[in-house]
Amino acid sequence: MSTTDPRTPAPGTANGTRRPGPVAAGDWTPWPEGLAETYRRAGYWTGETFPAFLRDRAARFSEATAVVDGDTRWTYAELDRRADSLAAGLDRLGVAEGDRVVVHLPNTAALLEVVFALFRRGALPVYSLPAHRRSELVHLASTAEAVALVTTDTHAGFDCRPMAAEVREEVPSLEHVVVAGDPGTPERGTVALEELRAEPDPLALADPDPGEVAFFQLSGGTTGLPKLIPRTHDDYLYSVRASADICALGTDTVYLGALPITHNFPMSSPGFLGVLHAGGTVVLSPDPSPATALALIEKERATLTSVVPPVAMLWLDAVERGSQAERDLSSLRVLQVGGATFPEEAARRVTPVLGCALQQVFGMAEGLVNYTRDGDPDEVVTATQGRPISAHDEVLIVDEHDVPVPDGEPGHLLTRGPYTIRGYYRAPEHNAAAFTADGFYRTGDIVCRYPSGNLVVAGRAKDQINRGGEKIGAEEVENHILAHPAVHDTSVVALPDPYLGERTCAYIIPRGAAPTRSEILAFLRERGLAAYKIPDRVSFVDSFPATAVGKISKRDLRGTTDQSGAQ
Ligand code: OOB
């Protein structure tokens, strides 16, 4: 199904004058006006904004079920009403237009309510992952100068409330902690989400400029700390609509959100936003385990879902020879797999075992998303990561000197286009390295392009570990380890893993007597690092192998054995 998005002219530009955007001009990099005009003329940037998006779909699909979360089922009209009511509550709390709010919520209906309420208020969500802990939340909140953090009472056995209080203590801009569920012992500055809803005042609702920043996503991180990714209404909603079209979503789509839906893949590729665009139903799974997710596919008759490779492999095993063999998965039409390399052998098992089609998705929060398409030959679907969304996605595959390589040869993937950012938020130095002078984003991925236009991810040039789709910036973890007094130097590298694709190993040169592994791990946990960033392995060594120019050779390090003899 294809839907169009009629809209009135952008308020900020209607009379020819542009009011200041919610993100200061110097803090992000808009597209050059000439290109922006091209994207508008091509019909990609329609002027649709997030607050208008939900209002429009609520008018069109009013009584259809928008979201299912356990026993909670909200129609589009209900979600729209709740967004208005919570937007009014946020307004009363003091959240103003242009304010940033960190969203740290698991897959619940409340997450959708909060996100659309923030858009209605004209505030900017800053998306974190449920696995993020104090370290990540402090970084996000302080970088974005957030005024509020919305979290939950407990999730996956972890009490988020004391952590949120610590984050609030550490980040001067953070005035409020909003807790979904039980707020616990009331603390100054903490409020229950439940108490916030208020009678909406239509005049207070935002009508933002579609060309301005709507929210922030988090980069996977390479050098230093992860960067904030500013996405606009125009660019992001274009990718959502185009993705929904590519995936042929319609009112009959029932999407299972199994991965954390604040991640770009289940958010917009086509994700929950693509489904809401098309009038379908979003079913939220608290976790992607076979027992939980496959039961929900059966119960809610889900037609589409998206997972990372290790989850796909767990599902395949559980159905083929495990606990989930009796599940009726006949409703499932497409399983999307992306975020990390999906081994070809596993890709070939998807249709025979699960009885649905496979779609590979290779994307990035910075923009570019590639899909294999319905009707592609089997070998394209099982052995490539597909081709870009848009005819205006420019893809360059180049050597070390930025010279294009021939088709079929591996090279660095550079890209620009109607939904790929031109710069990170407040990161001029990093941007100078991460973007070319003419605005191409250096993805850090090594890919091959075949004459069919399909891409194969062949490797990575960035200093990042891809642990089953979860991205870990090596330098971020290294800096945490270096803070330990008994560590002289460290280098964090990826080791191959049959299930996760990669796992993390921290090589450490001790200062004096070596600390124990468990001391290092406890130290990292104490620093409030997300569990997925805690190294799977710690190895103590006397020195690091060096490259010809004297830098640490991570490639050689991967083959180094622990000099203390332990694993
Ligand atoms: C998705 O987004 P991010 O921002 O978490 O990570 C992007 C990076 C890519 O640069 C690439 O290194 C890797 O993740 N990646 C893949 C892949 N999909 C992503 N590597 C191999 N094969 C794939 N299919 O991960 C993301 C965003 C939107 C849609 C899908 C994935």
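Quick caveat, the model's predicted, so the values are computed rather than measured.

Things to note about the sheet that holds strand S14 (residues 304-307)
Step number 1: Spatially, S2-S1-S13-S12-S14-S15-S16-S17-S18 is the arrangement adopted by the nine strands of the open sheet, whose pairing is mixed. Sheet topology places strand S2 (72-75) and strand S18 (387-388) at the edges, where each strand pairs with a single neighbour.
Step number 2: Bridging between strand S1 (residues 65-69) and S2 involves four bridges; their strand directions are antiparallel. Its bridge partner being in S2, Val 68 is matched across the sheet by Arg 73.

Quick notes on the nonpolar core
Step number 1: Within the largest apolar cluster, 144 residues are counted, with the highest numbers of intra-cluster contacts made by Phe 116, Leu 276 and Trp 315.
Step number 2: If one sorts the elements of this core by residue count, helix H4 (residues 109-121) sits on top with ten residues.
Step number 3: Excluding residues within four positions of it along the chain, Trp 315 makes contact with Leu 256, Ala 258, Pro 288, Ser 289, Pro 290, Ala 293, Leu 294, Ile 297, Thr 305, Val 307, Leu 335 and Leu 354.

Topic: helix H12 (residues 309-321)
Step number 1: Taking 1.5 Å as the rise per residue, H12 with 13 residues should run 18 Å; its terminal C-alpha atoms sit 18 Å apart, in good agreement.
Step number 2: Within H12, the full set of buried residues consists of Pro 309, Pro 310, Val 311, Ala 312, Met 313, Trp 315, Leu 316, Ala 318 and Val 319.
Step number 3: Turning to H12, the residues buried within the fold contact strand S12 (254-257), helix H11 (290-300), S14, strand S15 (334-338) and helix H13 (344-354).

Let's talk about the domain arrangement of the chain
Step number 1: We note that the domain assignment places domain 1 (13-23 + 49-62 + 71-230) and domain 2 (464-557) within the chain.
Step number 2: Listed as interface residues are 14 residues of domain 1 and, on the opposing side, 16 residues of domain 2.
Step number 3: Contact between domain 1 and domain 2 buries roughly 1100 Å² in total, counting both sides, with carbon and sulfur atoms accounting for 45%.
Step number 4: Along the contact surface separating domain 1 from domain 2 lie one salt bridge.
Step number 5: At the boundary of domain 1 and domain 2, one finds ten residue pairs in polar contact (both at pLDDT 80 or more).
Step number 6: Partitioned by chemical class, the residues of the side of domain 1 that touches domain 2 number four nonpolar, seven polar and three charged.

What counts and what doesn't
Residues numbered from 1 in each chain as written. Predicted model: local features only at pLDDT ≥ 70, side-chain atom pairs only at ≥ 80, totals over all residues. Heavy atoms only, no water. Pairing = 2+ DSSP bridges. Helix = DSSP H or I, 4+ residues; strand = E, 2+ residues; numbered from the N terminus. Core = buried A, V, L, I, M, F, W, Y, C linked by side-chain atoms within 4.5 Å. Buried < 20%, exposed > 50% of the residue type's maximum accessible area, 1.4 Å probe, protein only. Contact = heavy atoms within 4.5 Å. Expected span 1.5 Å × (residues − 1). Domains from an automatic or database assignment. Buried area = accessible area lost by both parts, 1.4 Å probe. Salt bridge = Lys/Arg side-chain N within 4 Å of Asp/Glu carboxyl O. Polar contact = N/O pair within 3.5 Å; in protein donor to acceptor, adjacent residues only side chain to side chain. Nonpolar A, V, L, I, M, F, W, Y, C, P; charged D, E, K, R; others polar.

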